[in-house]
Amino acid sequence: MVFFGGYGRKTKERGELLFLCFECQDVTSHRLVENYAYEQLYGVRVTKHGTHRMLVCARCHHGWDLSKEQWDKGVLLAAELQRMPGRLTDEQVNGFCRLVAVELFPELVAGDPPEAGSASADTLIATFRQDSAWGGRMILFRDGQFVLGGFGPIGPADVLAYDSGGHLEWAYEGLREWVQGMGAAGS
Ligand SMILES: [Zn+2]
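Values in this document were obtained by computation on a predicted structure and should not be read as measured data.

1. Observations concerning the overall build of the protein chain
Part 1 of the argument: Secondary structure assignment for the protein chain yields five helices and nine strands.
Part 2 of the argument: Secondary structure elements of the protein chain occur, N-terminal to C-terminal, as β-β-β-β-α-α-α-β-β-β-β-α-β-α.
Part 3 of the argument: When each of the 187 residues of the protein chain is scored for burial, the buried share is 20%.
Part 4 of the argument: Contacts spanning at least 24 positions in sequence make up 51% of the contacts within the protein chain whose residues lie at least 6 apart.

2. Regarding the confidence of the model for the protein chain
Part 1 of the argument: Averaged over all residues, the pLDDT of the protein chain equals 78, while 78% of them reach at least 70.
Part 2 of the argument: Across residues 1–8, where pLDDT falls below 50, the model places nine contacts with residues more than four positions away in sequence or in other chains.
Part 3 of the argument: Note on residues 116–120: pLDDT is under 50 here. Beyond four places in sequence and across chains, it has six contacts.

3. Re the environment of Glu-91
Part 1 of the argument: When you line up the elements, Glu-91 lands in helix H2 (residues 90–104).
Part 2 of the argument: What makes Glu-91 exposed here is the crowd of 10 C-beta atoms within 10 Å.
Part 3 of the argument: Sequence separation of Glu-91 and Arg-129 is 38 residues, and the distance between their C-alpha atoms is 9.4 Å.

4. Considerations on the nonpolar core
Part 1 of the argument: Leu-17, Phe-19, Ile-125, Ala-126, Ile-139 and Leu-140 are the most contacted members of the largest nonpolar core, which totals 28 residues.
Part 2 of the argument: When contributions to this core are tallied by element, the ones reaching two or more residues are strand E1 (5–21), strand E3 (44–57), helix H1 (68–83), H2, strand E5 (123–128), strand E6 (138–142) and helix H5 (175–186).
Part 3 of the argument: The element best represented in this core is E1, accounting for five residues.
Part 4 of the argument: Both domains that furnish three or more residues to this core are identified here as domain 1 (8–106) and domain 2 (111–186).
Part 5 of the argument: Aside from chain neighbours lying at most four places away, what touches Ala-126 is Ile-139, Leu-168, Glu-169, Trp-170, Ala-171 and Leu-175.

5. Points about unusual backbone geometry
Part 1 of the argument: One non-glycine residue, His-61, lies in positive phi territory at about 65°.
Part 2 of the argument: Mapped onto the secondary structure, His-61 falls in the loop between E3 and strand E4 (63–65).

6. Concerning the sheet that holds strand E7 (residues 145–148)
Part 1 of the argument: Ordered in space as E8-E7-E6-E5-E9, the five strands form an open sheet in which the pairing is antiparallel. Edge positions in the sheet fall to strand E8 (152–154) and strand E9 (168–170), since each has one partner strand and no second. Here the strands of the sheet are splayed against their neighbours by 35° on average, with no regard to which way each runs.
Part 2 of the argument: Pairing between E5 and E6: four bridges, direction antiparallel. In the sheet register, Thr-127 faces E6, and the bridge partner there is Met-138.

Procedures and definitions
Throughout this document, residue positions are counted from 1 along each chain, in the order its sequence is written. The predicted origin of the model limits local features to residues at a pLDDT of at least 70 and limits the giving and counting of side-chain atom pairs to 80 or more, whereas totals for whole chains, interfaces and linings rest on all residues. The helix count covers DSSP runs of H or I at least four residues long, the strand count covers runs of E at least two residues long, and both are numbered beginning at the N terminus. Once C-beta atoms are placed from the backbone, each residue is buried if 20 or more other C-beta atoms lie within 10 Å of its own, exposed if 12 or fewer, and partly exposed for counts between those two. C-beta atoms are placed from the backbone for every residue, and two residues are taken to be in contact when these atoms lie within 7 Å. Residue-level confidence of the predictor is what pLDDT reports, using numbers from 0 through 100. Nonpolar core, as used here: buried Ala, Val, Leu, Ile, Met, Phe, Trp, Tyr and Cys residues forming one set through C-beta atoms within 7 Å. An automatic or database domain assignment supplies the residue ranges for each domain. Whether two strands pair depends on DSSP finding at least two bridges between them. Angular values range over 0 to 180 degrees, each being the angle between N-to-C directions of two axes fitted as lines to C-alpha atoms, with helices fitted over their stretch in contact.

In structure tokens, the structure reads:
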């Protein structure tokens, strides 16, 4: 008996989300992409394996690997985004980005403030309001210091100065107090 098997990779898009791209330092359209290898027998797909699920920035193609759980939540959010009116206000865009973060990447928006000096992954601290000159730009906490997207390391006093100018949207409650505490300790 001869099997005419085939083997290939296939990519499918399953929807679109709005999210902050850490590379573009901006809110961009992100695609839910599923990439899988499959085997065929007589043109009928018999097994599907090695599935990779990703959320990929449509502009720079950097993205996130997603677990099955993150993927499922992402698909639901993509459906929700499609039901929203065609033209979104800045507030709606920010709200949606926050929803994506809360649902898919809770480690970015929840939990205790990072330990100073810890070499953990980047943590989103704050985002510049869309109506500010640097709308969408992010302040991260990386390797024990603050990093302003597109610029570089800044001090706690700088972060607080942007905040008192009304430019920042904090990633979660309590961060302002935490930064204030750092500023006091460092001076
Ligand atoms: Zn990007």
